[in-house]
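Given next are the chains, with one letter for each unit.
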Amino acid sequence: MTTPTLEQVVHPAVEDGFELEVTDRRMQTKSIVSITFCDPSGATLPSYVAGSHLVVQYGDAANLRANAYSLTGSGDNPSEYTISVLLVEDGGGGSLAMHRLDVGDRVWVSRARSNFAPTANATHSLLVAAGIGITPMLSHARYAAEWGSSASMIYVYRRGEGAHVEEVRELLGPALTECHDRGSFQKVLAEKLTTQRLGTHLYVCGPAAFMDSVLGQARDLGWPEGLLHSEHFGAGELDAGEPFAAILARSGTRLEVPAGVSLLEALEKQGKQVANMCRKGICGECTVPVLRGTPQHRDLYLSDEEKEENTVMMCCVSRSMDEELELDL
């Protein structure tokens, strides 16, 4: 595998990665494309755990960006990596860049990372996917099929707009339930949540409101938090927040952060470079240490325990509960 040279501009999110070549591109639906990457030399790629994601770099040196996309394979001794990307017209440009890739193009990618791995001691895995949320669930389904693990899936999608439908049908057979409207899904979900055997783990991926609803229903039915797992693709809209001041301890700089401007944006305007990727409070790249003050945590990355400690914050979305917040920057 190749590694970055001094002449190549590489985003911080993929500094641990390598260059791959697009070897296949096919439309799953009118708005979802599957892209397969291989090592240009034909070498086997690093293995990964099911539910992992790949960070892909795009843009030029003046506007270098990177986004994370779920891998759809099982991760066992792979010769290729495949992602599926939903085109988001009003997004940050990453999905458009992925849709423009063609066979023969080369991109820098990170090593596979995971915040959504299968639980080794689960007696059963109940997978719930909506729309593009099928991508990490397909990885889980492949893993279950290859290792003989017990798994079932509820897949919610509009008729004619379901990606990877035939693949999950083949992998899961009668253990797959397909739903095309809210009423049928709610009926199936209620039945599945109340009839699972002891030790079942619930995995959910899809729009934020969808996941909140599924997890909320599971909690109302008494599912312990340790059995609930979710993978976020995007965060809901956040309010402008209250203005505050960030004190940069290493230089003593006082940085005003107005309402509607993120701490990350304020730091960048000051010339402070902070590694970042999603800018939505999901990926964890833009962690900054907190020395004094109470952050207003608005991210989806830190655990409840980490948020209670108030020693770090995600500067892309989180703000301050106090008028001042001192950072170790």
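Residues numbered from 1 in each chain as written. Predicted model: local features only at pLDDT ≥ 70, side-chain atom pairs only at ≥ 80, totals over all residues. Heavy atoms only, no water.

### Regarding the overall build of the protein
If you tally the helices and strands in the protein, you get seven helices and 18 strands. Projected onto the principal axes, the alpha-carbon positions of the protein cover approximately 60 × 50 × 35 Å. Residues classed as buried in the protein amount to 47% of the 329 residues present. Approximately 15800 Å² of the protein is accessible, and the part contributed by carbon and sulfur atoms is 47%. One way to put it: in the protein the 27 positive side-chain charges average out to a point 4 Å from where the 44 negative ones average out. (Helix = DSSP H or I, 4+ residues; strand = E, 2+ residues; numbered from the N terminus. Buried < 20%, exposed > 50% of the residue type's maximum accessible area, 1.4 Å probe, protein only. Areas by Shrake-Rupley, 256 points an atom, 1.4 Å probe, with all protein chains shown as cover. Lys, Arg positive; Asp, Glu negative; His and termini not counted. Charge placed at Lys NZ, Arg CZ, Asp CG, Glu CD.)

### Here we look at the sheet that holds strand 13 (residues 253–257)
A sheet is described by the order of its strands in space; here five strands give the open sequence 13-12-18-14-16, paired in mixed fashion. With one partner strand each, in any of the chains shown, strand 13 and strand 16 (312–314) form the two edges of the open sheet. Along the sheet, successive strands turn relative to each other by an average axial angle of 40°, direction set aside. Taken together, the five bridges between strand 12 (residues 244–248) and strand 13 define a ladder with antiparallel strand orientation. The residue of strand 13 that forms the bridge with Ile-247 is Arg-254. (Pairing = 2+ DSSP bridges. Axes fitted to C-alpha atoms, helices over the stretch in contact; angles between N-to-C directions.)

### Some points on the packing of helix 4 (residues 182–193) against helix 5 (residues 208–220)
Contact pair helix 4 / helix 5: the axes reach a minimum separation of 10 Å and the direction vectors enclose 40°. When the axes of helix 4 and helix 5 are compared, the crossing they make is right-handed. Where helix 4 approaches helix 5, its residues Phe-185, Gln-186, Leu-189 and Leu-193 are matched on the opposing element by Phe-210, Ser-213, Val-214, Gln-217 and Ala-218. Its residues placed into classes, the contact of helix 4 with helix 5 shows six nonpolar, three polar and no charged. (Left-handed = near helix turned anticlockwise from the far one by under 90°. Contact = heavy atoms within 4.5 Å. Nonpolar A, V, L, I, M, F, W, Y, C, P; charged D, E, K, R; others polar.)

### What to know about the nonpolar core
Counting residues in each nonpolar core, the largest one holds 21 residues, and the members touching the most others are Ala-246, Leu-263, Leu-267, Val-274, Met-313, Cys-315 and Leu-327. Secondary-structure elements contributing two or more residues to this core are strand 12, strand 13, helix 6 (263–269), strand 14 (287–292), strand 16 and strand 18 (324–327). A total of four residues in this core trace back to one element, the largest contributor, which is helix 6. Once you skip the residues sitting within four places of it in the chain, Val-274 turns out to touch Leu-264, Leu-267, Cys-286, Val-288 and Cys-315. (Core = buried A, V, L, I, M, F, W, Y, C linked by side-chain atoms within 4.5 Å.)

### A few points about helix 2 (residues 134–147)
With 14 residues, helix 2 should cover 20 Å at 1.5 Å per step; its first-to-last C-alpha distance of 20 Å lies within 8% of that length. Looking one or two residues past helix 2, Gly-148 carries a phi angle of roughly 70°, positive in sign. (Expected span 1.5 Å × (residues − 1).)

### A short note on the side chain of Asn-67
With respect to the element layout, Asn-67 can be found in strand 4 (residues 65–70). Residue classification places Asn-67 among the buried positions, given a relative accessible area of 19%. Separated by 3.5 Å, the side chains of Asn-67 and Tyr-69 make a polar contact. Once residues lying within four places of it in the same chain are set aside, the contact partners of Asn-67 are Leu-54, Val-55, Val-56, Tyr-58, Gly-94 and Met-277. (Polar contact = N/O pair within 3.5 Å; in protein donor to acceptor, adjacent residues only side chain to side chain.)

### With respect to the pairing of strand 9 (residues 176–179)
When strand 8 (residues 151–156) meets strand 9, the two strands line up parallel, connected through four bridges. Bridge pairing links Val-156 to Cys-179 in strand 9. Handedness of the crossover joining strand 8 and strand 9 through helix 3 (residues 165–172) is recorded here as right-handed. (Right-handed = clockwise from strand over helix to strand, strands pointing away.)

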